[in-house]
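Analysis of the macromolecular model
In case you want the letters, here they are:
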Amino acid sequence: MSTEEKPAAPRSLAEALRARDDDSLSALLRARPDLITPVPTDLTQLATRAGTRASVVRALERLDRFALQTAEALAVAADPATYPELLGLMAGDDGDPLVTAALPRGLGILREQALVWGPDDRLRLVRTARELLAPTPQHPSPTGLGPTVQEATAGMSPGRIQDLVTAAGLPSTHDAVSATAALAGLFTDRTRMSALLDEAPADSVEVLERLVWGPPYGQVTADPAPRLRWLLDRGLLLPTAPGTVVLPREVALHLRAGRAHRVPEPVAPPVEAAATHRPQVVDATAAGQAYTTLATVEELLKDWDEGGPAVLRAGGLSVRDLKRTAVALDVSEPVAAFWVELAYAAGLIASDGEADERYAATPAYDEWLEQPAGTRWARLAETWLTGTRTAGLVGGRDTKDRALAALGPGLDRSAAPEVRHRVLGLLAELPEGAAPTGESVLARLRWERPLRRDQQRDPQRDPQRDTGPDADLRVRLARWALSEAELLGVTGRGALSAHGRALLGAYAPVHTPAEEPEGPGDKLPVHHRPAPRLKPLAPAEQSVASATAARLLAPLLPEPLDHVLLQADLTAVAPGPLQRHLADTLGVLADVESKGGATVYRFTPASVRRALDAGRAASDLHAFLTEHSRTPVPQPLAYLIDDVARRHGHLRVGAASAYVRCDDDAMLSEILADKRSAGLRLRRLAPTVLAAQADPAALLEGLRAMGFAPAAESAEGDVLITRAHAHRTPPRTPPEPVPEGPPAPDATLLAAAIRAIRAGDLASTTPRKSPEPAAGRGLPRTGSAETLATMQAAVLTGQTLWIGYVNAEGAASQRVIAPVRVEGGFVTAYDHTADEVRTYPLHRITGVAELAED
């Protein structure tokens, strides 16, 4: 009777990877993209790279809490372990049903990421992961367990071990190894162990209870108390160093009822809703804040249009300039830092690169202004979502105790985009209009990345500002993401808006094989199963999502107005947002007095003169106000414009060092007689011309301070028109986000990489008829005549050969080829390693060998 043979268990991680299909390898490389940079030559190299310390640490950091607990349990289990043993460590003697149902998923994640390999009866944790997670005196295990009896007694004398066996009521043995095994067998036998502990004094049991959940180490004196002596005599506590004892792992597991963890967490904590609003209210609130975002950024850029604050020598914005910006925007300094960083990341502001380096608007700002409001907002929101500049760090200190300045170096955090995406993704999982509690969002993030919370601390955080259990970078990034999303208008009243969901349209539910419960995992209640993870799409697809968000937001933004309300007190009221050309002209003609739902502008002699300097005539200003005012132009405003215009340009200032000319010599005499002109060092050159030693700009300011209205003129005598908002930087590229590790490979790269790995593995593992020589790094070695003859024969027979090849750079490789043609010193063959037809010079082939027929 024939029976189906069970496939042999893999003997190494490389063999386990070799048994995987292409989809499984794709999942591995997608989860651990560092393994594909560069592409491994074969599966053996892939397995080696997957076991390196840096790669394993990176993989462990991306595990959720339950998958990490599963790995920690395997690190304290036997190697190899069976699935029932692992289940006992995770679910305990009573068999927690939630843990039992979730364990296939947790183990599946570890298998998918090549941290665990082997069948269920021989589960092996990758050696590097075991070294990282197994308990040692220097690095206690998160499980709180100590060493095994065998490990703790490794340096103990055989006589002392025999004493422990006898005191525990076991028969003596002939060697220390069997004695240690007998003691460990006693501690793992629930019935006999319970009987032994029933005999223990109450205060001795109390000592065990204090050590059971860790740390398992304690201090004892040279003459231990009776309660400790009783435990030491029976091996329930074992000495590890002078004055130090440890609770053996087997004893602790008995006292814990078999659990490796005090509190297993198989279920992700739910994101709880703090309040629920009507979606229309959420969208309207978010749209209002989106409009405020555009107005604030425009106001910031207008303030910096003619040259903003100076650039610090070390880079960035000074504290004083940040305070001035906060006052100008009427916001707090942290919020001002956020707006400044957002405009910088979007490429709207940059340093001008001049000798006296200052920040200013870029040419991209003018292009941005011409776009529709929804598109402008979407650009800012996408920049925030994908950028690594972190404004929340401004004001902190780096590792060298230097202050972190806005727009300065040291503000990039590669984890920021992932955290922002994940926070908004959690909001997207809630019903529309639901606003979550901040603590439930943070609890969920801690569960999803526990190691990133505990071990991936921000090296540049300020310990004086951030203390306590939540003082880590990932939690702070999440808090900032929630507040910044509200500032931007991505959320409204704490809930994700419709255009915010569209911005996350770059996400799609992704069920990885490890997230699909198998077998017992199917019993996990639906509400306890982990929510499908959402992932960002490619940049081009993100642009499509941003365009959709802009389209949804546009109808919610207020329509720009084409009118203002002029008042007799020389003010104008804009009852809403103004059209671009109207706002620009009015911003030159008047000064903003107050902002809010309605903006109030005030007309002054200086503001009117500013408009005249910009090339406007008095008649132009009268026509402009008449056209755009819903109320008649007040007489005081008309008089103000005419009065300033009548005096404007009566004096002319040009470059000699500087000069003043005027047809009215009496006015020039008045200037010379005024004591305030002494600093200008004026002298009369002609009845209508004064010369000054001050430069033209200083002369203009000085005369204006004296109450005159001079106009600058060119060398040809024409009036110079000074246009507002003229200073721009040269074209600048926005700062690139700093990636966190290698980027995730796309489907094309994955397919090509897997094909190359498979082909390389075929070349390295295909059986050969000729044994591999010791020399030549494993490459076949044959003479040129033999190589040529073997190639020609293979062309006739269609045989596949194994060759060694050295390229022009001297790099050696082995390949499996099927020769097609041999001529002119070259062989043309189908290369199974590269999966394509190639031509090789015969003189670069080190040798050839035939493959085994099977």
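Residues numbered from 1 in each chain as written. Predicted model: local features only at pLDDT ≥ 70, side-chain atom pairs only at ≥ 80, totals over all residues. Heavy atoms only, no water.

Taken together, the side chains of Asp663, Asp664, Asp665 and Glu670 make up a negatively charged region of the molecular surface. Positionally, glutamate 670 belongs in helix α31 (residues 665-673). (Patch = residues over 30% accessible without salt bridge, like charges linked within 9 Å, V, L, I, M, F, W, Y side chains within 5 Å. Areas by Shrake-Rupley, 256 points an atom, 1.4 Å probe, with all protein chains shown as cover. Salt bridge = Lys/Arg side-chain N within 4 Å of Asp/Glu carboxyl O. Lys, Arg positive; Asp, Glu negative; His and termini not counted. Charge placed at Lys NZ, Arg CZ, Asp CG, Glu CD. Helix = DSSP H or I, 4+ residues; strand = E, 2+ residues; numbered from the N terminus.)

One pass over the full model with this rule turns up 4 cavities of 30 Å³ or more. Reported here for the largest cavity is a volume of approximately 110 Å³. Lining the largest cavity are 13 residues, and of these Phe338, Leu342, Trp384, Arg389 and Arg420 lie nearest its centre. By residue number, the principal contributor to the lining of the largest cavity is helix α18 (residues 333-345), which donates 4 residues. Here the lining of the largest cavity is composed, by residue class, of 5 nonpolar, 4 polar and 4 charged. (1 Å grid on protein atoms, 1.4 Å probe; cavity = no way out; pocket = protein on both sides within 12 Å on 5 of 7 lines; lining within 4 Å. Points joined across faces, edges and corners; volume = space filled by probe spheres on them. Nonpolar A, V, L, I, M, F, W, Y, C, P; charged D, E, K, R; others polar.)

Inspection of the secondary structure assignment puts serine 677 in the loop between α31 and β20 (682-686). Setting aside residues no more than four positions away along its own chain, serine 677 makes contact with Ile671, Leu672, Leu682 and Met706. (Contact = heavy atoms within 4.5 Å.)

Pairing between strand β23 (residues 801-806) and strand β24 (residues 812-823): 6 bridges, direction antiparallel. Bridge assignment links glycine 804 to a residue of β24, and that residue is glutamine 814. Hairpin remark: β23 followed by β24, antiparallel, with 5 residues in the connecting loop; positive phi at glycine 810, about 90°. Alignment of β24 against strand β25 (residues 826-831), held across 6 bridges, turns out to be antiparallel. Looking at β25, one finds that glutamate 823 is bridged to phenylalanine 826. In sequence, β24 turns back onto β25 through a hairpin of 2 residues, with glycine 824 there showing a positive phi of about 60°. (Pairing = 2+ DSSP bridges.)

This part takes up the pairing of strand β17 (residues 599-602). On a regular strand, one side chain projects to one face of the sheet and the next to the other, so that they alternate. In this sheet, β17 lies alongside strand β15 (residues 571-574) in antiparallel orientation, the contact comprising 4 bridges. From the neighbouring strand, alanine 572 faces β17, where its bridge partner is tyrosine 601. Taken together, the 3 bridges between strand β16 (residues 591-594) and β17 define a ladder with antiparallel strand orientation. What sits directly across from aspartate 591, in β17, is arginine 602.

Let's shift gears to the nonpolar core. Counting residues in each nonpolar core, the largest one holds 90 residues, and the members touching the most others are Leu74, Phe187, Leu236 and Leu237. Excluding anything up to four places from it in sequence, leucine 236 contacts Phe187, Met193, Leu196, Leu197, Leu208, Trp230, Leu231, Val246, Leu247, Pro248 and Val251. Grouped together as the second largest cluster of nonpolar side chains are 70 residues, Trp339, Val340, Ala502 and Leu503 included. (Core = buried A, V, L, I, M, F, W, Y, C linked by side-chain atoms within 4.5 Å. Buried < 20%, exposed > 50% of the residue type's maximum accessible area, 1.4 Å probe, protein only.)

Taken in spatial order, the 3 strands make up an open sheet running β3-β5-β4, and their pairing is antiparallel. The open sheet is flanked by β3 (217-219) and β4 (238-241), the only strands paired with a single partner. Looking at each pair of strands side by side, their axes are set apart by 40° on average, direction ignored. The sheet contact formed by β4 and strand β5 (residues 244-246) spans 3 bridges and is antiparallel. Bridging from a neighbouring strand, proline 239 pairs with valine 245 of β5. (Axes fitted to C-alpha atoms, helices over the stretch in contact; angles between N-to-C directions.)

It is possible for side chains of opposite charge to pair when their charged atoms get near one another. With the rule as written, the count across this model stands at 39 salt bridges. With its nearest N and O atoms 3.8 Å apart, the salt bridge here joins aspartate 96 to arginine 259. Here aspartate 96, found in the loop between α6 (83-91) and α7 (97-112), pairs with arginine 259, found in the loop between α15 (249-255) and β6 (273-276); they are 163 residues apart in sequence, far enough to count as distant. In this structure aspartate 96 comes out as partly exposed when scored by relative accessible area, which is 21%. With relative accessibility at 15%, the residue arginine 259 sits in the buried group. The closest approach of N and O atoms between arginine 815 and aspartate 831, which form a salt bridge, is 3.1 Å. Separated by 16 residues along the polypeptide, arginine 815 in strand β24 and aspartate 831 in strand β25 bring together distant segments of the chain. Both residues of the pair, arginine 815 and aspartate 831, count as buried. Through salt bridges with shared partners, a single network forms among Arg62, Glu418, Arg449 and Arg474.

Here we take up the sheet that holds β24. Where strands meet in a sheet, backbone hydrogen bonds hold them as pairs that are either parallel or antiparallel. The sheet built from 5 strands is open, its strands ordered β26-β25-β24-β23-β27 with antiparallel pairing. Where the open sheet ends on each side, the last strands, each with one partner, are β26 (836-841) and β27 (845-850). Averaged over neighbouring strand pairs, the angle between their axes works out to 45° when direction is ignored. Those strands touched by helix α33 (residues 747-765) are β23 and β24, and its axis lies near 90° from that of β24. The sheet strands contacting helix α34 (residues 784-797) are β23, β24, β25 and β27, and the helix crosses β24 at an angle near 60°.

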